[in-house]
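Listed below are the residues making up each chain.
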2 protein chains.
Amino acid sequence: MRTYHSVPFSDVTITGDFWRERLDTVLEKTILSQLKKLEESGIRGSIKLPKPVPPLTIPRQPSGFTVQYFWDSDIGKWIEAAAYALSHRHDAAIEAEVEAMIDDLEAAQQPDGYLNCFYTEREPENRWTNLRDNHEMYNAGHLLEGAVAYYHATGRDRFLTIMERYMDHIAATFGRGEGQKRGYPGHQEIELALIRAFHATGKEKFRDLATYFIDERGNTDGVEHYFTQEAKARGADPAKYHFAASGMYEYSQAHIPVRQQTKVVGHAVRAMYMYAAMADLAAEHDDAGLKAACEALWKDATEKRMYVTGGFGPSAHNEGFTKDYDLPNDTAYAETCASVAMVFWAARMLNLDLDGQYADMLELALYNTCLAGLSCDGTHYFYDNKLESDGSHDRWAWHMCPCCTMNVSRLVASVAGYFYGRSEDEIAVHLYGGATATLPVAGGRVTLEETSDYPRDGRVRIAVTPDGARPFTLSLRIPAWCDGAAASLNGEAVEVTTERGYLKIRRDWSAGDVVELDLPLVPGRLYAHPDVTRDAGRVALRRGPLVYCAEQHDNDAPVLRLRLPEDAPLTDRRAPDLLGGTVLIDAPARAEEDGPWAHALYRSRRAPETETTLTAVPYYLWCNRGANPMQVWLLE
Amino acid sequence: MRTYHSVPFSDVTITGDFWRERLDTVLEKTILSQLKKLEESGIRGSIKLPKPVPPLTIPRQPSGFTVQYFWDSDIGKWIEAAAYALSHRHDAAIEAEVEAMIDDLEAAQQPDGYLNCFYTEREPENRWTNLRDNHEMYNAGHLLEGAVAYYHATGRDRFLTIMERYMDHIAATFGRGEGQKRGYPGHQEIELALIRAFHATGKEKFRDLATYFIDERGNTDGVEHYFTQEAKARGADPAKYHFAASGMYEYSQAHIPVRQQTKVVGHAVRAMYMYAAMADLAAEHDDAGLKAACEALWKDATEKRMYVTGGFGPSAHNEGFTKDYDLPNDTAYAETCASVAMVFWAARMLNLDLDGQYADMLELALYNTCLAGLSCDGTHYFYDNKLESDGSHDRWAWHMCPCCTMNVSRLVASVAGYFYGRSEDEIAVHLYGGATATLPVAGGRVTLEETSDYPRDGRVRIAVTPDGARPFTLSLRIPAWCDGAAASLNGEAVEVTTERGYLKIRRDWSAGDVVELDLPLVPGRLYAHPDVTRDAGRVALRRGPLVYCAEQHDNDAPVLRLRLPEDAPLTDRRAPDLLGGTVLIDAPARAEEDGPWAHALYRSRRAPETETTLTAVPYYLWCNRGANPMQVWLLE
């Protein structure tokens, strides 16, 4: 069923300004600053054995959870991001740091292969007793992803071997065999990590363990739900579960077997990581049932439960989903990690079917909520991504649970991996923005040099240079938001007809061929489904893939009062000196006057409105000039 | 400073249909059904001594609080409501029940006068150790109000004597004297109860204790904050206070002395009860500082922190206030008790100054949020009063903390007490709706027969019958919402000029004089201050004092989608058979069609709109035909 393959980021060179700047920031500032934070916060310290972490470095959350439960995952994620940095350019300091971490992890690994710093240091007797809540497998997954990335970056397999021993331990402990526990992760993530390990090594045991976790999940066929068994074994009351109210085990998508799931529920990051693994396994096993579940969940997520900014999971209570069309703006949670995970899921759906809806979604999440998660200076973050702020919401320099920080750095450091897809005789261009790659196709190799200033400018040039004339299909994504796309081949206009969102040009390609695309980037309006009550009577602005917002910094009238007339023309304006260079949207707008409201809370008529100009910036750039009021959904 | 006096409800006879129906429902159904619920829920059981309450009758709330802490107050409130019923008409069964309760309370009272069933039964050693959280004085206050009401109703003072002993114990325990604790209630209420006891008995010790509580509150002048002292004495960490985050002790308005308070903060019911007592004491002591504080707090509450329905306190977290203009509709808390307490406060402000703004507020809270708290059948309740519902919000048959249920029944049973005010030579008519009273004025007595179908109809007739011709001023409230009010005296038109909201007619009145008022009741629109972001672009409907809402029951289009054009005419329509007879508002409206939204969450244009008719019902009547979607603030 896998008809397409992703092209690894290491085979693609980012040449465009937009991503070059983000990439350099992450490589030069973010990754090293994160290392510093890991050390300051005791996370890095926590994997130094035998010295146990002094209790003071283990802050407790109101829930009583110890942050430490998660911290191995942050080490794994940082190593992964650092490995991507090494793939871009050698850096002895970073490499030495990773090696030192691997030394510590090697020392921390138990004789039986078990490797979890929290349990080993503090509750060795309790390992594998609370998969539902305590993240052992989640940590293992992120460490494994780090090991795979470091192996790709350096060719050295010491860390991967450590993690293989750990995976062997897990595979021996969990399964349907005699004396095994039929458990699976409470926080999914290890599944997709195992598939990456399979792709890196070809060892099917990794894929088989992922398959077991996905197949067993939510299974109550002849067995008691695993999380219930486990709670009883701990002497805990299974019904006394913090998230029971919202549907027992829906929080971790373990309420029913995954193939029966049609609604996206529970913790959004757990959900998205799991869906990504499901898409992987649908391809690996040519599993139509799993693919159908992915498609049903995709439809539900994108048609009923998604913010216009590509954010998922409105509620802080469960860090996740609530009900259809419930998308509050001022209290939006929309965790950065959930959108990063959506990028993973969308990329895997593109390997099942070359369908523009997946690339459109990937682009939306990537350019809006994911990028919003990282500040221009590369050292400040959003964990939750609100769509409206009274000015009190600000970025973090770090977070007690820093999952999002390294999720965005590893994503940006590997963003080149989302530009291209390929099959036997086809190359698909999913994203634009300046990316060069040499890819295998039709028995040979072809170099694509895509140059553009996308998403600031919609003109794209692609020079196609095969190692000899050969026939293949070049499939160019025409975004769904795009009206009036034009294309030419060697100067000759090409009619833009699309198959599932892609313009397909099949011919004998030879060196010197040039395709040009014009994807008109004009400011436009977006309206929400009328059942999204919080957006009723409101309009959002977009230009190309970028959703915009009004920040107080750029507006005279209070942004939460701005009213954009239905017929107001939208003008884009280049602002090369603002926030590293961007494109603003201006529009004539109105705002109600204060005067008549003195000493009145309710009146029988509105106050007169003042004419003003609304200026909007791309959402991902908001809150880079200090906290201030912001609004995505403007009154119309 | 007290220039005006309230007229006790027992001196006023309700003759109008609107209130007669509510009154009969409360007297004939609500009070007896509440007695049954008190018994079923173990609240009535809980004051039977020596038998301790079986633990099973003490449900625990998630907070860990034991509901039992509050339950004496519910007995007190029920006795108060029952006493009002007895004032309306003798009822041997109710009287016998009250006497039996008094027997139990007499038995529960300790030798030193202490009377709290929870502490006496379960933690006698802990009495008076946690005023901040545990409601001992709140319970005492409600029992005292019940005792005063029962004394007025029957002339028998046994209960009042029991409560006087308790108050003597409290006065001996708390104060600034040698060996006394300088404490005050964590949940205010006893202050206004004590003033009622003072008015009933003339005994200044009641007023003096109330004065001490108000004066000492929030005092840190030379002493540590009492709640902090108390926490330390319990061995608790004062900083570990659930509401510390929102400003230490703001939750119970004890953060600073009351005379320095200018913002309404914290728990809304605590706040409103306290402000009512402050207004009482300002009058009792001719205390300009206290009056100024009341006026500042009034301004803040009504100009920045009030729902259009006269509800207060948007947040469930603290059952109270948050920040200016933060008035979410779908999550509105707006506890019924807070609006009942606002009625108390407003009535007391009217005694300080005859100013229509106080009567307007009293009427708004009374006719909207307070009345919404009680169902048409008299046996179902709202604790929180949302202004928008997706259909999931429904009424309670009872509540684990039933404070609101008997607050609304005691209010309706005594509503006649809010119609009139009087001074030496003036009678003020605050409310209309059919109420007859004989009042002392200018050395004699005058009978006023006000007849009207208000608020259904705005035509009011007042027959004035003095016991002999005598000069006095008849002051008729002209509501601020009213445009084009007309008046006549004995058929001759009277120019409607108002002093602070009242039309004042001073003359020698004699039997047969008739004043007629016409207060045009036309449907109108209300808009919220532009900083109330949740209401931006929205409109509310009103007719006279009644705020309206669209319920799904009466509308074809989904009410949360209804859009009311700015120029749509509003028509009122009598519906004599609906919900006991009411007046509806109809208007041509539009609602976005579904079709184009199939499989779309966001689109670049709105869908076409269907023409429809919007029908709105008075807000207080909503959810009397089963739970269903409802909206007060409609899209315009």
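Just so it is clear, the model here is predicted, and its values are computed rather than measured.

**Points about the packing of helix H1 (residues 17-40) of chain A against helix H13 (residues 356-372) of chain A**
Residue and element names in this part refer to chain A. Relative orientation of the contacting elements H1 and H13 amounts to 25°, with a least axis distance of 14 Å. In terms of orientation, H1 lies roughly parallel with respect to H13. Handedness of the H1/H13 crossing: left-handed. Across from Phe18, Trp19 and Arg22 in H1, the residues of H13 making contact are Leu366, Tyr367 and Leu371. Of the residues that constitute the contact of H1 with H13, the class distribution is five nonpolar, no polar and one charged.

**Observations regarding the relation of the copies chain B and chain A**
Note on the identical chains: chain B maps onto chain A by a rotation of 180° and an axial translation of 0.0 Å, with an RMSD of 0.0 Å. Taken together, the rotation angle and the small translation identify this as a two-fold axis. Minimal C-alpha separation from the rotation axis in chain B is found for Gly537(B), amounting to 3.4 Å. Of all interface residues in chain B, 100% are interface residues in chain A too; the two copies therefore contact each other through one and the same surface.

**Considering the domain arrangement of chain A**
Where interface size is given, it is often the accessible area lost as the parts come together that is meant. Residues and elements named next belong to chain A. Taken as a whole, chain A is organised into domain 1 (42-222), domain 2 (262-416), domain 3 (421-518) and domain 4 (523-635). Of note, the centres of domain 3 and domain 4, computed from C-alpha atoms alone, are 36 Å apart. Contact with domain 3, which involves six residues of that partner, is made by ten residues of domain 4. Buried area between domain 3 and domain 4, both sides added, is near 610 Å², and the carbon and sulfur share of it is 47%. The three residues of domain 3 that bury the most area against domain 4 are Pro455, Arg456 and Trp481, which together make up 87% of that side's buried surface.

**A closer look at the sheet that holds strand S5 (residues 426-429) of chain B**
Residues and elements named next belong to chain B. The strand order S1-S4-S5-S9-S13-S12 describes an open sheet built from six strands, whose pairing is mixed. If you trace the sheet from one side to the other, it starts and ends with strand S1 (5-6) and strand S12 (498-499), each paired once. Two strands pair when backbone bridges link them, and strand S4 (residues 420-423) and S5 are joined in this way by four bridges, in the antiparallel orientation. Across the sheet, the residue bridging to Arg422 is Ile427, located in S5. Each of strand S9 (470-477) and strand S13 (502-509) touches helix H13 (residues 356-372); the most contacted strand, S9, lies at about 55° to it.

**Topic: H1(A)**
Residue and element names in this part refer to chain A. The end-to-end C-alpha separation of H1 is 33 Å, in line with the 34 Å expected for 24 residues at 1.5 Å each. At Val26, H1 shows its maximal bend, which comes to roughly 40°. Within H1, the full set of buried residues consists of Phe18, Trp19, Arg22, Leu23, Thr25, Val26, Leu27, Thr30, Ile31, Gln34, Leu35 and Leu38. Of the residues trailing H1, Gly42 is marked for its positive phi of about 85°.

**Quick look at the packing of aromatic side chains**
Under the defined criterion, the tally for this structure stands at 54 aromatic pairs over all chains. With a centroid separation of 4.8 Å and 80° between ring planes, the pair formed by Trp298(A) and Tyr358(A) is classed as edge-to-face. Linking Trp298(A) in helix H11 (residues 288-304) with Tyr358(A) in helix H13, this pair joins segments that are 60 residues apart in sequence. There is no split in this pair, since Trp298(A) and Tyr358(A) are both buried. Ring centres of Tyr333(B) and Tyr383(B) lie 6.0 Å apart, and the angle between their planes is 70°; this geometry places the pair in the edge-to-face category. Within this pair, whereas Tyr333(B) is found in the loop between helix H11 (288-304) and helix H12 (336-352), its partner Tyr383(B) is found in the loop between H13 and strand S3 (388-389), the two being separated by 50 residues in sequence. One exposure class covers both Tyr333(B) and Tyr383(B), and it is buried. Through a chain of ring-to-ring contacts, the aromatic side chains of Tyr184(A), Tyr226(A), Phe227(A), Tyr241(A), Phe243(A), Tyr249(A) and Tyr251(A) assemble into a single cluster.

**Some details on the packing of helix H5 (residues 136-154) of chain B against helix H7 (residues 190-201) of chain B**
Residues and elements named next belong to chain B. Taken N-terminus to C-terminus, the directions of H5 and H7 make an angle of 25°; their axes are 8 Å apart at the nearest point. As far as their axial angle goes, H7 and H5 are roughly parallel. Crossing of H5 over H7 shows left-handed handedness. Side by side, H5 and H7 meet where Met137, Ala140, Gly141, Leu144, Glu145, Val148, Tyr151 and His152 of the first sit next to Ile190, Leu192, Ala193, Leu194, Arg196, Ala197 and Ala200 of the second. Looking at the contact of H5 with H7 residue by residue, the classes come out as eleven nonpolar, two polar and two charged.

What counts, and at which threshold
- Starting afresh in each chain, residues are numbered from 1 along the sequence in its written order.
- Note on labels: chains are lettered from A, ligands numbered from 1, in written order.
- Where totals are concerned, whole chains, interfaces and linings use all residues; where local detail is concerned, this predicted model gives features only for residues with pLDDT of at least 70, and gives and counts side-chain atom pairs only at 80 or more.
- Heavy atoms throughout the structure, all of them, feed into the side-chain values; hydrogens and water do not.
- Working convention: axes come from line fits to C-alpha atoms, limited for helices to the stretch in contact. Angles between N-to-C directions cover 0 to 180 degrees.
- To qualify as a helix, a DSSP run of H or I must reach at least 4 residues; to qualify as a strand, a run of E must reach at least 2; elements of each kind are numbered from the N terminus.
- Each angle receives one of four descriptions, namely roughly parallel if under 35 degrees, roughly antiparallel if over 145, roughly perpendicular if within 65 to 115, and oblique otherwise.
- Crossings are classed by handedness, with left-handed meaning an anticlockwise turn of the near helix from the far one by less than a right angle and right-handed meaning a clockwise turn.
- We call two residues in contact whenever any of their non-hydrogen atoms come within 4.5 Å of each other.
- Residue polarity is assigned by list, with Asp, Glu, Lys and Arg as charged and Ala, Val, Leu, Ile, Met, Phe, Trp, Tyr, Cys and Pro as nonpolar; anything else, Gly included, falls into the polar class.
- Least-squares fitting of one copy onto the other uses the C-alpha atoms of those residues that reach a pLDDT of at least 70 in both copies.
- The start and end points of each domain follow an automatic or database-based domain assignment.
- When two parts are brought into contact, each loses some accessible area as probed by a 1.4 Å sphere; the total of that loss over both is the buried area.
- Paired strands, as defined in this entry, are two strands with at least two bridges between them according to DSSP.
- Each residue after the first adds 1.5 Å to the expected span of a helix.
- Values of bend correspond, residue by residue, to the angle between axes fitted over the seven residues ending at that residue and the seven starting there.
- Categorising residues by exposure relies on relative accessible area from a 1.4 Å probe, with only protein chains included: less than 20% of the type maximum marks a residue as buried, more than 50% marks it as exposed, and the intermediate range marks it as partly exposed.
- Note on aromatic contacts: the rings of Phe and Tyr and the six-membered ring of Trp form a pair at centre separations within 6.5 Å, being stacked when their planes are under 30 degrees apart, edge-to-face when over 60 apart, and tilted otherwise.

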